[in-house]
Amino acid sequence: MTINGDDAAKVVPVRHYGRWVGMVVVVVLLVMFVQTLFSRPSFTPLTCSTSNAVRSCQHEWRFGWDVVFRYFTSSEILQGLVRTLELTIIAMAMGIVIGVVIAIMRRSQSRLLSSTAWTYTWFFRGTPVLVQLLFWFAFNALYPAVSVGVPFTHVTFFVLNIGTTITAFGSACIAFGLNEGAYFSEIVRAGLLAIDEGQTEAAISIGMTRGQTLRLIVLPQAMRVILPPTGNEVISMLKTTSLASAVGVFELLGAAGNISAANFKTIDLLITASLWYLIVTTILSIGQFYLERHYAKGALRNPPPTPIQRIRDDLEGILSKFHTARFAGADAPR
Amino acid sequence: MSVAMVEAVGVHKSYVGVEVLKGVDLSVARGEVTCLIGPSGSGKSTLLRCINHLEKHDKGELRVDGELVGYESRGAKLYELTDKRICHERSQIGMVFQRFNLFQHLTVLQNITIGQVKVKGVNDDVAKTKARELLARVGLADKEKHYPSQLSGGQQQRVAIARALAMEPKLMLFDEPTSALDPELVGEVLDVMRDLAQSGMTMIIVTHEMNFAREVANSVYFLDGGVIEESGDPRMVLSTPSSARLKLFLSKVL
């Protein structure tokens, strides 16, 4: 008996009854959930108890999708979205630069440099980011002016007036950037640790300097390890920026809050903002996939398929199943 | 009298608390092949790594091509070399590792060109031409677009040899180049090394391949416990060992 060839016996696949039951349960729950999204609440909310309100309450949908989409492309929301993206990009750029520097300092043979790096990470990871944000916002009051001159003397070359230089937006960028630097340095450090010491030795043995070894050999390979958690950090930063409304920077969530403060459609506007967060996150995830694919060069014998390739393969798989099923049906009468 | 390529006098090296080299003397003439043999932990690899300054020796004098390794003597003082000078010295000494250590993110061709371009400042096209010549020499002309992970161990080690040769070294160091290979792949690497020896390259090889040492080496050094127990012509040393330790060692490996 063989499983293929001319004298092939009929193969009976294992039946996964548990899996089928699970699939049915999940599908039913999904349909039920979707149905709730587009229906009215069956109970009468407390606010509808007065006779006048009853009529209007009965016609009230659970979620005001018309409100959600009316504000979806309103100028306030879009401006908030731009603010959110600006904050995310600037803070991540700062975080990445600081993170790489701190991670390299951590590896330095100088005790001063490595312990400074350690202390930086310790402090910025160890205090809430909201506190850091408020601190930088209050920086104007704490250090009204910074002067450049000879330390510990009265000689100054020029004075920077902080009160007029650091805006609320600037203080948010600094706060998120410095905070991100601390987290990102650990990600970079993990990446550098993941690369075999032999790579460094080989680079050094052909005469590369420490800097060249890091830049040309170690970091490009560490990228493979660094990228997935970086994707995490970018997405996390996207949402952390919503704290900026605490210092009066009205980014996406802040803008939604402003609108709902006026029209009391709190939940609907939260959905508006969340949909935008989801859209940006989706775009970022796609970008991350292709970046990871790029840096996987040489590490894998075969790169993973792209989502489009995977969908095509799945479709072909399903189609071929239909083909064989038809084939088997045609064979049956014989 | 021409200066020896490598000259070691009383070289010591300790790691935290452990003395690995306890005064090693060694002399390798130009164009000669020298094999270092001995049990693991005897200090063979450490000696090799001191020669291209991957490790810093603590005591003794170590010269490559007449120049002190890692130091410059001016008057009565020894000055430590700057990183730049050390890098330049290293670029003239090729090293082949037990575990190949090919750059995983670069193709075979890029592995061989990167040192030429980034360290020696050679033009990209010139570097590629040279890399292709070397690949042909180690019998891998058709693999230039492959990544290291797509090659067998023996092929990777031959690429590693080509990578080292691309720097036009005056001395080649081999740290157990065949120890990580499947038995049937050892031959192809030894063949490349044999060719290299015949072309007149000065080579120091840490190895457990006694037959190869007997056939190719001009001299062999037996290290045990951080000192050189016995040395000389490989046919003499390996056939009629005089020390009891070498007799015991050979009885185990042969």
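In this text, all values refer to a predicted model and were calculated from it rather than measured experimentally.

> Would you explain the overall build of chain B in this entry?
In terms of regular secondary structure, chain B is built from nine helices and twelve strands. Taken over the C-alpha atoms alone, chain B extends approximately 50 × 50 × 40 Å along its principal axes. When burial is assessed residue by residue, chain B has 54% of its 254 residues classed as buried. Across chain B, contacts joining residues at least 24 apart in sequence account for 65% of those joining residues at least 6 apart. Here chain B displays about 11,200 Å² of accessible surface, and carbon together with sulfur accounts for 48% of that area. Positive and negative side-chain charges of chain B, numbering 31 and 32 respectively, have mean locations separated by a distance of 4 Å.

> Looking at this structure, I do not really get the sheet that holds strand β12 (residues 227–232) of chain B. What am I missing?
The pairing of strands in a sheet comes from backbone hydrogen bonds and takes either a parallel or an antiparallel form. Residue and element names in this part refer to chain B. Taken in spatial order, the six strands of this open sheet run β8-β9-β10-β3-β11-β12, and their pairing is mixed. What marks the edges here is a single partner per strand, and that holds for β8 (93–96) and β12. Averaged over neighbouring strand pairs, the angle between their axes works out to 15° when direction is ignored. Looking at chain direction, strand β3 (residues 33–37) and strand β10 (residues 203–206) are connected through four bridges and run parallel. Bridging from a neighbouring strand, V33 pairs with M203 of β10. Set on the sheet, helix α9 (residues 244–253) makes contact with β3, β11 (219–224) and β12; between it and β11 the angle comes to about 100°.

> Help me out: how do you make sense of the side chain of R158(B) in this one?
For R158(B), the position within the fold is in helix α5 (residues 153–165). Polar side-chain contacts of R158(B) include one of 2.8 Å to the side chain of E188(B).

> Quick question: what am I supposed to make of the pairing of strand β2 (residues 18–28) of chain B here?
Where a strand is regular, its side chains alternate between the two sheet faces. All names here are of chain B. As paired strands, strand β1 (residues 6–15) and β2 are joined by eight bridges and run antiparallel to one another. Paired with A8 across the strands is L26, a residue of β2. Where β1 folds back on β2, the antiparallel hairpin that results is connected by two residues, among which G17 adopts a positive phi of roughly 80°.

> Sorry, what's going on with the interface of chain A and chain B here?
Quoted interface sizes are often the accessible area lost when the parts come together. Taken residue by residue, the interface counts 20 residues in chain A and 24 residues in chain B. Here chain A packs against chain B, burying approximately 2,100 Å² in sum over the two surfaces, 59% of which is carbon and sulfur. Among the residues chain A hides against chain B, the three largest losses belong to E201(A), S205(A) and I206(A). Together they make up 27% of the total. Our enumeration of links across chain A and chain B arrives at two salt bridges. The salt bridge involving R49(B) is made with E201(A); its shortest N-O contact spans 2.6 Å.

> Help me understand helix α5 (residues 111–126) of chain A in this model?
For an α-helix, 3.6 residues make a turn, and residues three or four places apart therefore share a direction. Residues and elements named next belong to chain A. Compared with the 22 Å implied by 1.5 Å per residue over 16 residues, the 22 Å span of α5 between its first and last C-alpha is a close match. Buried-residue contacts for α5 involve α4 (75–106), α6 (129–137) and α9 (168–194). Its side-chain oxygen 3.3 Å from the backbone nitrogen of L112, S110 forms the N-cap of α5.

> Mind showing me how you'd approach the environment of P144(A) here?
You can see P144(A) is positioned in the loop between α7 (139–142) and β1 (145–149). On the basis of relative accessibility, which here comes to 47%, the residue P144(A) falls in the partly exposed class.

> Just to check I follow, could you spell out the confidence of the model for chain A for this structure?
A low pLDDT means the predicted coordinates there should not be read in detail. All names here are of chain A. On average, residues of chain A score 86 in pLDDT, and 88% of them are at 70 or above. The secondary structure element of chain A with the lowest average pLDDT is helix α2 (residues 51–58), at 50, and the one with the highest is α5, at 96. Contacts of residues 330–334 to residues separated by more than four positions or lying in other chains number zero contacts, the stretch itself having pLDDT below 50.

> Whenever I open this one, unusual backbone geometry confuses me. Can you help?
The phi dihedral of F264(A) is positive, around 60°, even though this residue is not glycine. Take F264(A): its relative accessible area is 70%, and that puts it in the exposed class. A positive phi angle is found at E176(B), which is not glycine, with a value near 45°. The topology assignment puts E176(B) in the loop between β9 (171–175) and α6 (183–198).

> I keep staring at the nonpolar core and nothing clicks. Help me out?
Counting residues in each nonpolar core, the largest one holds 48 residues, and the members touching the most others are I112(B), I161(B), M172(B), F174(B), M193(B) and M203(B). A total of eight residues in this core trace back to one element, the largest contributor, which is α6(B). By size, the runner-up hydrophobic cluster in this structure holds 37 residues, among which are I206(A), L47(B), L62(B) and M95(B).

> Explain the sheet that holds β1(B) here, please?
Residue and element names in this part refer to chain B. If you trace the four strands from one edge of the open sheet to the other, you get β2-β1-β4-β5, paired in antiparallel fashion. In the strand order of this sheet, the two ends are held by β2 and β5 (67–68), each with one partner. Where β1 lies against strand β4 (residues 59–64), five bridges are found, and the strand directions are antiparallel. Bridge pairing in β4 places H12 opposite K59. Lying over the sheet, helix α1 (residues 44–51) contacts β1, β2 and β4, oriented at roughly 65° with respect to β2.

> Hey, could you run me through helix α3 (residues 65–72) of chain A in this one?
Residue and element names in this part refer to chain A. Listed in full, the buried residues belonging to α3 are V67, V68, Y71 and F72. With its buried residues spanning 140° around the axis, α3 presents them on a single face. Turned more than 90 degrees from where α3 packs its buried face, D66 and R70 sit exposed. Where α3 is buried, its residues meet α4, α12 (252–263) and α13 (266–295).

> Can you help me understand the packing of aromatic side chains in this one?
The geometry of two aromatic rings is summed up by the distance between their centres and the angle between their planes. All names here are of chain A. Going through the model one piece at a time under the given rule, you end up with 14 aromatic pairs over all chains. Judged by centre distance (5.4 Å) and plane angle (80°), the ring pair of Y17 and W20 falls under edge-to-face. Here W20 and Y17 lie together in helix α1 (residues 17–37), a separation of three residues that amounts to about one turn. Since its relative accessible area comes to 54%, Y17 is described here as exposed. Residue W20 is classed as partly exposed on the basis of its relative accessible area, which comes to 45%. Note on Y120 and F124: the rings are 4.5 Å apart at their centroids and 40° apart in plane angle, and the pair reads as tilted. Of this pair, Y120 and F124 both sit in helix α5, four residues apart, which is roughly one turn of the helix. Take Y120 and F124: they sit in the same class, and that class is buried. Lying across the ring of F169, R83 places its NZ or CZ 4.6 Å from the centre.

Calculation notes
Residues numbered from 1 in each chain as written. Chains lettered and ligands numbered in written order. Predicted model: local features only at pLDDT ≥ 70, side-chain atom pairs only at ≥ 80, totals over all residues. Heavy atoms only, no water. Helix = DSSP H or I, 4+ residues; strand = E, 2+ residues; numbered from the N terminus. Buried < 20%, exposed > 50% of the residue type's maximum accessible area, 1.4 Å probe, protein only. Contact = heavy atoms within 4.5 Å. Areas by Shrake-Rupley, 256 points an atom, 1.4 Å probe, with all protein chains shown as cover. Lys, Arg positive; Asp, Glu negative; His and termini not counted. Charge placed at Lys NZ, Arg CZ, Asp CG, Glu CD. Pairing = 2+ DSSP bridges. Axes fitted to C-alpha atoms, helices over the stretch in contact; angles between N-to-C directions. Polar contact = N/O pair within 3.5 Å; in protein donor to acceptor, adjacent residues only side chain to side chain. Buried area = accessible area lost by both parts, 1.4 Å probe. Salt bridge = Lys/Arg side-chain N within 4 Å of Asp/Glu carboxyl O. Expected span 1.5 Å × (residues − 1). pLDDT = per-residue confidence, 0-100. Core = buried A, V, L, I, M, F, W, Y, C linked by side-chain atoms within 4.5 Å. Arc of directions from axis to C-beta. Phe/Tyr/Trp six-rings, centres within 6.5 Å; stacked < 30°, edge-to-face > 60°. Lys NZ or Arg CZ within 6 Å of the ring centre and 35° of its normal.

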